[in-house]
Structure formats: structure tokens, C-alpha cells
Amino acid sequence: MASPEKDPASLVPLLDQDGVRLTVDDALATVTLTNPAKRNAQSPALWRALAEAGRLLPGSVRVVVLRGEGKSFSAGLDRQMFTPEGIEGEPTFVDLARRDDAELDATIAGYQEAFTWWRRNDIVSVAAVQGHAIGAGFQLALACDLRVVAHDVQFAMRETALGIVPDLTGTHPLVELVGYARALEICVTGRFVQAEEAVSSGLANIAVPVEELDGTVRDFAAALLAAPRDAVVETKALLRGAAGRAYDEQRAAERQAQARRLRDLAGIGE
């Protein structure tokens, strides 16, 4: 089992670039957004680094904690992306709009890679969210399996108010967690969702005082690591697939998963 009590800052990072740091302590990995001066604003470079963090995860990792340095988890897109000149070395919004359909689709798909690996069946991901988690920040928190939030958390989906849409994989988990009507209201109004509502609506698993966030997440990670890995992988796959299966299909999936577990525990190969 990993040692969730260790401070990630004391570990040698496997990745530390473009506002993202990845550290690994046996079965526990920590991905930290490291630009608190800009409230961990997001850019294509940060997205590439997040995608690389997913590719660099060792096979020993079972739980990944995502956190942000400073008072905000992530305040969303770097505002420079909204200026005519954009971010140096990156396409501006106008540049993107001028691309043909296939090229534009491929560019956005590349951005989305930063958000897709958090729900892999072989890991459980936990977002530790404090302060602002706006737009892309909200979607990054939604990319994780679980969310532990501080009492000062403020979720908001502001893309629609800017004339665009949430396109960083956030719409599916948002509807999955709170339902269509609430998700539509949250996106179209762009209002803040605070800690109490986040827990009651299913957006967050637990809310704690800001000063208790890190300790609570360490305890949470330890609890997740306590169960046998293969049983967690099978259970996660069952739960993730449940919504897309009919009742009898899910029953069959449960039987098949249990057969694999029983044979594995008995030392009987396929």
C-alpha cells in the first residue's frame, strides 16, 4: 500500500512543466496544478502536460489525487486565450475557427486528452477542490471519479455566457451527477455552485473546512487503497457501464465479473 501521509512536495516529480507536477508514492499519484499566481489558469500547454501525466503513470498507481496550489483549484481558461493575439505559440480562437472541420475536431480532441484518462478503470481519481473551479477548472474536477471540496469551493460553468460551450468532457459527468435540468441551468446561467449544494446535488462526495482538505483527501486515498486492486477495477467497470446497460445486461455483467473474481481468488485460470 502507498503512504498517503507523505507530502507530495517531498517526492521527486516524474513531471514538472507548464503548470503541472506529477509525483508518485507507490500506489498513490498526485497531480498538482502549480501556477497559483494565475489561479491555476489553463492553457493548451497545461493540457498537454496533464495528458502526459496520464501517460507517465506507473502501473503501480491505483489512486490519483488532483489538487491545485494556492487559494483556487483552477479559475478556468487563461484569459489571454480570449485576446486577439492569444497565447504565443498557440492558435488563437480565430485561428481555430478558420480550420476545416477535420482539423478543428482533431485540435479539440487533443485538448480533451487532458481530461479523459482520469476515469480509467485501473485507477480511482480524486479531485481536491478549493476556491474557484470555473469553466475548464470545473470540467477538470468533473473529469475525476470523486470530488472532495473545501467549504469555500465555487463551481461555475461560464462557457455558455462567453458564447462557446463546455467542450472539455464536462457535459457528460455533469448530467450524470445532477440530471439534465440542473445541468442545463448551471451551464446557461453560469451561476456559482457552493459546497453545500455540491454535496447535496452529488457534485461532491464530501465538504470540509479549507484547513482540513489535504488531511481529508489523504484519509480518503488511504480508504480507497485498502480494498484489493482487482476487485476495485471490476467494481468500477461495473458501475461505469451500468447506465448504458439494461437491467438484465447489468445482471449478466455482474455474474461475469464475479466469476472472474472467484476464479482469481481460487487460483484457477481462465
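About the cut-offs
Residues numbered from 1 in each chain as written. Predicted model: local features only at pLDDT ≥ 70, side-chain atom pairs only at ≥ 80, totals over all residues. Heavy atoms only, no water. Salt bridge = Lys/Arg side-chain N within 4 Å of Asp/Glu carboxyl O. Helix = DSSP H or I, 4+ residues; strand = E, 2+ residues; numbered from the N terminus. Buried < 20%, exposed > 50% of the residue type's maximum accessible area, 1.4 Å probe, protein only. 1 Å grid on protein atoms, 1.4 Å probe; cavity = no way out; pocket = protein on both sides within 12 Å on 5 of 7 lines; lining within 4 Å. Points joined across faces, edges and corners; volume = space filled by probe spheres on them. Arc of directions from axis to C-beta. Contact = heavy atoms within 4.5 Å.

Engineer: So what about the pattern of salt bridges? Which residues, and what values?
Structural biologist: For the structure shown, the criterion picks out 16 salt bridges. Between Arg119 and Glu176 there is a salt bridge, and its shortest N-O distance comes to 3.1 Å. Within this pair, whereas Arg119 is found in the loop between α3 (101–116) and β5 (124–129), its partner Glu176 is found in helix α5 (residues 171–178), the two being separated by 57 residues in sequence. Of the charged contacts in the structure, one is a salt bridge between Asp248 and Arg251, with a shortest N-O distance of 3.0 Å. With Asp248 and Arg251 both in helix α10 (residues 247–266) and 3 residues apart, the pair spans about one turn of that helix. Exposure remark for Asp248: the relative accessible area of 48% places this residue in the partly exposed category. Ionic contacts of the salt-bridge type, sharing partners, join the residues Arg182, Glu185, Arg191 and Glu197 into one network.

Engineer: Which residues make up empty space enclosed by the protein, and what are the values?
Structural biologist: Taken as a whole and judged by the stated rule, the model has 1 cavity of 30 Å³ or more. Its boundaries defined by the atoms lining it, the largest cavity holds a volume of some 60 Å³. Counting only elements with at least two residues in the lining of the largest cavity, the list comes to α8 (213–226) and α9 (229–242). The element contributing the most residues to the lining of the largest cavity is α9, with 3 residues.

Engineer: Summarise α5; cite the residues concerned and give the values.
Structural biologist: Of the residues making up α5, those classed as buried are Pro173, Leu174 and Val178. Looking straight down α5, one finds that the buried residues subtend no more than 105° of arc, so they occupy a single side. Buried residues in α5 make contact with α4 (136–143), α6 (180–189) and α7 (195–201). At the exit of α5 stands Gly179, carrying a positive phi of roughly 90°.

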